[in-house]
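Breakdown of the fold
Here's the letter readout for the chains.
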Amino acid sequence: MQHSLRFTVFMLFVIAFQLLGCSEDPDTDTTSVEKLIAEPIPPKPTPEDTFAKLKVLFPKPIFDGDFTIMGKVTASKTYVDFLTQEYRTAKPFKTLADYLDVAKPDPERYKPFLKESIGKSNEEDIAIVHQLTLEYRCANVMLYQMIHDGNDENVLKAILAVLEKKLSVLDEAPIKAWMEIHIPNKEQVTEFFPALEHFVTETEKRDALFIQEQFEQHGKDDGLLWLAVHNPALTAEILNNFTNTDVFLRWTEGVFFQQNPQNP
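Residues numbered from 1 in each chain as written. Predicted model: local features only at pLDDT ≥ 70, side-chain atom pairs only at ≥ 80, totals over all residues. Heavy atoms only, no water.

1. Quick look at the side chain of Thr-74
Tracing the backbone through its elements, the reader meets Thr-74 in helix H4 (residues 68-75). Dropping the residues within four chain positions of it, Thr-74 is found in contact with Tyr-79, Val-80, Leu-96, Thr-235 and Leu-239. (Helix = DSSP H or I, 4+ residues; strand = E, 2+ residues; numbered from the N terminus. Contact = heavy atoms within 4.5 Å.)

2. Thoughts on the packing of aromatic side chains
In total, this model carries 20 aromatic pairs according to the counting rule given. Measuring from centroid to centroid gives 4.8 Å for Phe-113 and Phe-199, while their planes differ by 20°, and the two rings are stacked. Residue Phe-113 is found in helix H7 (residues 107-117), and its partner Phe-199 is found in helix H11 (residues 186-218); the two are separated by 86 residues along the sequence. Like Phe-113, the residue Phe-199 is buried in the burial classification. When the ring of Tyr-144 is compared with that of Phe-256, the centres are 4.8 Å apart and the planes differ by 10°; the resulting orientation is stacked. In this pair, Tyr-144 is assigned in helix H8 (residues 123-149) and Phe-256 in helix H15 (residues 255-259), connecting sequence segments 112 residues apart. When sorted by exposure, Tyr-144 lands in the same class as Phe-256, which is buried. (Phe/Tyr/Trp six-rings, centres within 6.5 Å; stacked < 30°, edge-to-face > 60°. Buried < 20%, exposed > 50% of the residue type's maximum accessible area, 1.4 Å probe, protein only.)

3. Side note on the pattern of salt bridges
Two side chains with opposite charge may pair up if their charged atoms get near one another. In this structure the tally under the stated criterion is 10 salt bridges. Residue Glu-237 pairs with Arg-137 through a salt bridge whose shortest N-O separation is 2.6 Å. Of this pair, Glu-237 sits in helix H13 (residues 232-241) while Arg-137 sits in helix H8; the two residues are 100 residues apart in sequence, bridging distant segments of the chain. Here Glu-237 and Arg-137 have matching classes, each one buried. One salt-bridge network, in which partners are shared between bridges, spans Arg-109, Arg-137, Asp-207 and Glu-237. (Salt bridge = Lys/Arg side-chain N within 4 Å of Asp/Glu carboxyl O.)

Have a look at this one:
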């Protein structure tokens, strides 16, 4: 009887020790679970939230003479964090300029032109014509700057510089290889490039109209912020190409399209 009592007390002691040991075990997942509950994952920033934060960080005026403030807006941590989360790409990027280099173009913008030019198109065809379009649009801004300056002495020099820039694009290896496959003879070349010039200018018209609508709805300062959060690729292109906001405003108003001899 006494032996049985000792055994029972011993077993109770063992059970109590195990229970106490389990409750204080540092290797359990309790701490990890509590940490997850205490530190929730922050929500993904929305365009609306980002717009509101940027308005606080960069009070008006944002629309200055040379896009200095917009350069600071798009380089801010608030904007870059939003950009990298909202507009994910296959290749990583750290700046808005980098984003323009790696962002995939909208295929619906290029398919109609490619269908008329080469027939059926694929992702590579779209990427090549997108690059051509970006380069041609950049060259056109050089022309618009010349028209804005109104300096007749430099007109010929400016036109030659624009033509040289457009022709130099054809020496880039991917574009040159693509041209050799899809535009191999002179007859096709004489048809392709006037069509490309027209297509490029039409894309400019649509983008200029879109920006003008943003300005009419939100004003120039807020309109630029909305453009940055809703269309970062177009924003990057504008900041890359335009150094004078007077020229940019005239572009959004369609002034240069009326004077451009490519589009009577």
